[in-house]
Amino acid sequence: MTGGNAVVAGPSKTQETNDNHKNSEMTDTVRVVFTPSGRRGEFPVGTPVLTAARKLGVDIDSVCGGRGICGRCKVDPGIGAFAKHGITTDETALSGRTAGETRYAAKRGKLEGGRRLSCQATLQADAVIDVPAESQVHRQVVRKRADERVLDVDPQVKLHYVEVREPDMHDPSGDFRRLAEALASEWDLSGVRPHPAILPGLQIALRKGKWAVTAAVKDGAEVIAVWPGFKDKAYGLAVDVGSTTIAAHLTDLESGAVVAASGAMNPQIRFGEDLMSRVSYSMMNPGGAVEMTAAVREALSQLAADTAAEAGIAPEDILSAVVVGNPVMHHLVLGIDPVELGGAPFALALDEALEIDARTLDWRIAPGASVYVLPCIAGHVGADAAAVALAEAPHKAEEMTLIVDVGTNAEIILGNRHRLLAASSPTGPAFEGAQISSGQRAAPGAIERVRIDPETLEPKFKVIGSDLWSDEDDFAEETRKIGITGICGSGIIEVLAEMFLARLMTEDGVIDGTKGSATDRIVADGRTFSYVLHRPANDADPEIRVTQNDIRAIQLAKAALYAGARLLMDRMETDTVEKVVLAGAFGSHIEPKYAMVLGMIPDCPLDKVIAAGNAAGTGARMALVNKQARAEIEDVVRRIEKVETAVEPAFQAHFVEAMALPHKTADYPNLARAVRLPPKGAATRMPDDATGGRRRRRRAAG
Ligand code: FES
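Residues numbered from 1 in each chain as written. Predicted model: local features only at pLDDT ≥ 70, side-chain atom pairs only at ≥ 80, totals over all residues. Heavy atoms only, no water.

Helix and strand content of the chain: 19 helices and 31 strands. Burial analysis of the chain (702 residues in total) assigns 58% to the buried set. Expressed as a percentage of contacts within the chain between residues at least 6 apart in sequence, the contacts between residues at least 24 apart total 66%. Accessible surface, the chain: about 28500 Å² in total, of which carbon and sulfur atoms supply 51%. Within the chain, the 94 negative side-chain charges are centred at a point lying 1 Å from the centre of the 79 positive side-chain charges. (Helix = DSSP H or I, 4+ residues; strand = E, 2+ residues; numbered from the N terminus. Buried < 20%, exposed > 50% of the residue type's maximum accessible area, 1.4 Å probe, protein only. Contact = heavy atoms within 4.5 Å. Areas by Shrake-Rupley, 256 points an atom, 1.4 Å probe, with all protein chains shown as cover. Lys, Arg positive; Asp, Glu negative; His and termini not counted. Charge placed at Lys NZ, Arg CZ, Asp CG, Glu CD.)

So, on to the sheet that holds strand E31 (residues 641-642). Spatially, the six strands line up as an open sheet ordered E30-E29-E20-E21-E22-E31, and their pairing is mixed. Whereas interior strands pair on both sides, the edge strands pair on one side only; in this sheet they are strand E30 (609-613) and E31. Pairing analysis gives five bridges linking strand E20 (residues 401-405) to strand E29 (residues 579-583), with the strands arranged parallel. Bridge pairing in E29 places Asp-405 opposite Ala-583. Its contacts with the sheet put helix H9 (residues 383-392) on E20, strand E21 (410-415), E29 and E30, and the angle it makes with E21 is roughly 40°. Running at roughly 25° to E21, helix H12 (residues 548-572) makes contact with E20, E21 and strand E22 (420-425) of the sheet. (Pairing = 2+ DSSP bridges. Axes fitted to C-alpha atoms, helices over the stretch in contact; angles between N-to-C directions.)

Further remarks concern unusual backbone geometry. Residue Thr-35 is joined to Pro-36 through a cis peptide bond whose omega torsion reads 5°. You can see Pro-36 is positioned in the loop between strand E1 (29-35) and strand E2 (40-44). Backbone torsion omega between Ala-344 and Pro-345 reads 0°, so that peptide bond is classified as cis. The topology assignment puts Pro-345 in the loop between helix H8 (327-333) and strand E18 (354-357). With a phi angle near 55°, Lys-210 is a residue other than glycine that sits in the positive phi range.

Let us now look at the pattern of salt bridges. Applying the stated criterion across every chain yields a total of 39 salt bridges. For Lys-231, the salt bridge identified is with Asp-317, shortest N-O distance 3.6 Å. One end of the pair, Lys-231, is in the loop between strand E13 (222-228) and strand E14 (235-241); the other, Asp-317, is in the loop between helix H7 (288-311) and strand E17 (318-325), with 86 residues separating them in the sequence. Put simply, Asp-570 and Arg-566 hold a salt bridge, and the shortest N to O gap is 3.0 Å. You can see Asp-570 and its partner Arg-566 sitting in helix H12, four residues apart, about one turn around the helix. (Salt bridge = Lys/Arg side-chain N within 4 Å of Asp/Glu carboxyl O.)

This next bit is on the nonpolar core. Formed by 92 residues in total, the largest nonpolar core has its most connected members in Leu-319, Trp-363 and Leu-374. Among the elements that take part in this core, H7 stands out by supplying nine residues, more than any other. When neighbours within four sequence positions are excluded, Leu-319 is seen to be in contact with Val-157, Leu-159, Ala-216, Ile-224, Ala-225, Trp-227, Ala-234, Tyr-235, Ala-366, Ala-369 and Ser-370. (Core = buried A, V, L, I, M, F, W, Y, C linked by side-chain atoms within 4.5 Å.)

In this model, the chain carries a mean pLDDT of 88, and residues with pLDDT of at least 70 account for 91%. Between residues 1-26, whose pLDDT stays under 50, and residues either more than four places distant or in other chains, the model counts 73 contacts. When the criterion is pLDDT under 50, residues 683-702 qualifies, and its contacts beyond four places in sequence or with other chains add up to 29 contacts. (pLDDT = per-residue confidence, 0-100.)

A few words on the sheet that holds strand E26 (residues 522-525). Spatially, E26-E27-E28 is the arrangement adopted by the three strands of the open sheet, whose pairing is antiparallel. Strands with a single pairing partner mark the edges of an open sheet, and in this sheet they are E26 and strand E28 (544-546). Strand-to-strand twist of the sheet, defined as the mean angle between neighbouring strand axes without regard to direction, takes the value 45°. Across three bridges, the pairing between strand E27 (residues 528-534) and E28 is antiparallel. The residue of E28 that forms the bridge with Tyr-531 is Val-546. Lying on the sheet, H12 is in contact with E27 and E28; it crosses E28 at an angle near 60°.

Another aspect to go through is the pairing of E21. Most of E21 sits out of view: six of its six residues are buried. The two faces of E21 match: Ala-410, Ile-412 and Leu-414 on one face and Glu-411, Ile-413 and Gly-415 on the other face are all buried. Taken together, the five bridges between E20 and E21 define a ladder with antiparallel strand orientation. Each residue of the ladder has a partner; that of Ile-403, found in E21, is Ile-413.

Our focus in this paragraph is the environment of Leu-189. Structurally, Leu-189 can be placed in the loop between helix H4 (175-187) and strand E11 (193-194). Accessibility expressed as a relative area gives 2% for Leu-189, which makes it buried. Sequence separation between Leu-189 and Ser-118 is 71 residues; the distance between their C-alpha atoms is 23 Å.

So, about the side chain of Asp-603. Looking at the secondary structure, you find Asp-603 in the loop between helix H14 (592-597) and E30. No salt bridge is formed by the buried Asp-603, whose closest oppositely charged neighbour, Arg-673, lies at an N-O distance of 6.0 Å. Separated by 2.8 Å, the side chains of Asp-603 and Asn-670 make a polar contact. Here the side chain of Asp-603 touches Leu-671 through a polar contact of 3.1 Å, landing on its backbone nitrogen. Once residues within four sequence positions are removed from consideration, Asp-603 is found in contact with Val-577, Met-596, Asp-667, Tyr-668, Pro-669, Asn-670 and Leu-671. (Polar contact = N/O pair within 3.5 Å; in protein donor to acceptor, adjacent residues only side chain to side chain.)

The next subject is the packing of H4 against helix H5 (residues 199-208). Interhelical geometry of H4 versus H5 gives an angle of 60° and a closest axis separation of 10 Å. Considered as vectors, H4 and H5 are oriented oblique to each other. Crossing handedness for the pair H4 and H5: left-handed. For the pair H4 and H5, the contacting residues are Asp-175, Phe-176 and Leu-179 in the first and Leu-202, Gln-203, Leu-206 and Arg-207 in the second. Taken together, the residues of the contact of H4 with H5 sort by class into four nonpolar, one polar and two charged. (Parallel < 35°, antiparallel > 145°, perpendicular 65-115°, else oblique. Left-handed = near helix turned anticlockwise from the far one by under 90°. Nonpolar A, V, L, I, M, F, W, Y, C, P; charged D, E, K, R; others polar.)

By the definition in use, this model includes two cavities of 30 Å³ or more. Roughly 30 Å³ of volume is contained in the second largest cavity. Together, Ala-385, Val-388, Ile-403, Asp-405, Glu-411 and Ile-413 line the second largest cavity. Those elements that place two or more of their residues in the lining of the second largest cavity are H9, E20 and E21. Looking at the lining of the second largest cavity residue by residue, the class counts come to four nonpolar, no polar and two charged. (1 Å grid on protein atoms, 1.4 Å probe; cavity = no way out; pocket = protein on both sides within 12 Å on 5 of 7 lines; lining within 4 Å. Points joined across faces, edges and corners; volume = space filled by probe spheres on them.)

Turning to the packing of helix H15 (residues 615-625) against helix H16 (residues 627-639), a few remarks are in order. Viewed as axis vectors pointing N to C, H15 and H16 meet at an angle of 125°, and their least axial separation amounts to 5 Å. By the angle between their directions, the pair H15 and H16 is classed as oblique. Together, Met-622, Ala-623, Leu-624 and Val-625 of H15 and Lys-627, Ala-629 and Arg-630 of H16 make up the contact between the two elements. The residue makeup of the contact of H15 with H16, split by class, is five nonpolar, no polar and two charged.

Before going further, it helps to examine the packing of aromatic side chains. A full pass over the atoms with the stated rule returns four aromatic pairs. Positioned over the ring face of Trp-469 is Lys-460, at 5.1 Å from the centre of the ring. (Phe/Tyr/Trp six-rings, centres within 6.5 Å; stacked < 30°, edge-to-face > 60°. Lys NZ or Arg CZ within 6 Å of the ring centre and 35° of its normal.)

Next up, the structure:
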């Protein structure tokens, strides 16, 4: 038995000693095969199934140490002929229902479908025993996407139920010493030490539990919580601190399942909308960083309280937490002034992972809980990107993978198992709807999907909050309440791509004014033109149009994103990528085809462009429920080569070339097979504006 490595390891030593005593009186042996592992062996009649499993190295869970309390050790005895194993069994293969099982069923619910407690049932004849997934310590959480990593569960904190020797006048010793003795003798956890936070409640818990307690032990070495009696659930909180929103997932540490989730606006928004304005706030206001730290820490405690309430537990039951975030958020959570991240050379205070006491962060969870903070990769590539890398695992793949997490700063990782590079690109907030005349956040009423008929040049669209297209019956009725209020990031990308495919816009991003003769949707707007996407039925609602300035804002953002990726491809000496992962909330709403039509990303087989959703949150959960994942990402981050786009002369050249749609020079053969791209080099129809565009490009690039 290796109590230190199992969530809660198998039978306690006490039980094994008893078993050995019983076994010494037995002579007949029986054969047993465990599935799905296929492990097999011979044991004396009367051996508890759990003991046999442990001896064969079969993975079966336990919290109570084989006392018939926790129900974690359930197994399914097979009945019938198992030709493959050469065993035929019936109900007599195991002992009849034991007193322990009857007690368990009365207290904690029936054992359904012939299930048995393996710590109680004993082997009586040849047996085939199936260990269901939920009874395995190292269980895996089912993945949602075919290529998504399986979440292996092997948390840092595990629960152990023990019976502690009572104090004795003749043998004076402290209560913790006797608790430690019990953990050593029953679970092989020798030399455990107490977290100082448990000491005020230790004596109360031991006496309330009548000397039977459940201890939460971290890394098999430190007791971080003690409850009276038996407790079988351990929880952790994985938090992704974004500049705009903070997302928290309360997770069952033993099953890996999310039991409650909550999101909140980052309260730091009142100090500045985007990252740089928060860094400026800190520079301009003495004590500003302290204020922002206090605000985000209060939000972390509130999220812990909210998710705990949703799951019906106390925040103090949260024994472990993981935090990821971009470098500025990372620093502010840790109480570090982010001022150095505001300018070259963008030095991080810390580029390693960190494990600290929750109390240091004023986090109102278990007083003995620790917080693991993933490492930042570079000054502009944060712990959130590290979490994305952990979740997407390019370091384990052969194919050349490009991962982009689009925000005000795009975080970009390129590589495979041989080599990894990372950079960030200053995309600005245009993709989030800022700087766009009708732009808004993704919220009900925002246009998120757009199609333009290439013949009639008429658009149709969908808004968030309705499943109908705008040309369908009932659309007007359905959207009357939510309204049609603006365009969100995915909507602006689709409308621009569709305008380009319908030739309403040239490859230089100029709205073609001559198309005004073919459609009344093209309207003059000063010296340039706009495309009217939505004309409201009444004057109270806004008209939604795409202006020339909107297009420029998106061109600048997408050129920055592409140039960052291209720079990494240069370093990697590759002209192609085999897989593109779009991470982040925004990435999960973009249709890959449109991202490619705009040239946000390099050409790639379309079915290899994947929206990874909240990959940073997934990575945070992986680090929460699997301590090996922490070692893995720390190793990967150490190996990632950091590229600073700001000092690379090639970045500007790539940026200028990437202003065109999809790109001035790069070919898009995979995309060309999926859509009819307008031929390259189509004449620019608005020379005045094109000149202005070039001027702006030079400014932006230089
Ligand atoms: Fe706890 Fe069997 S090990 S019930």
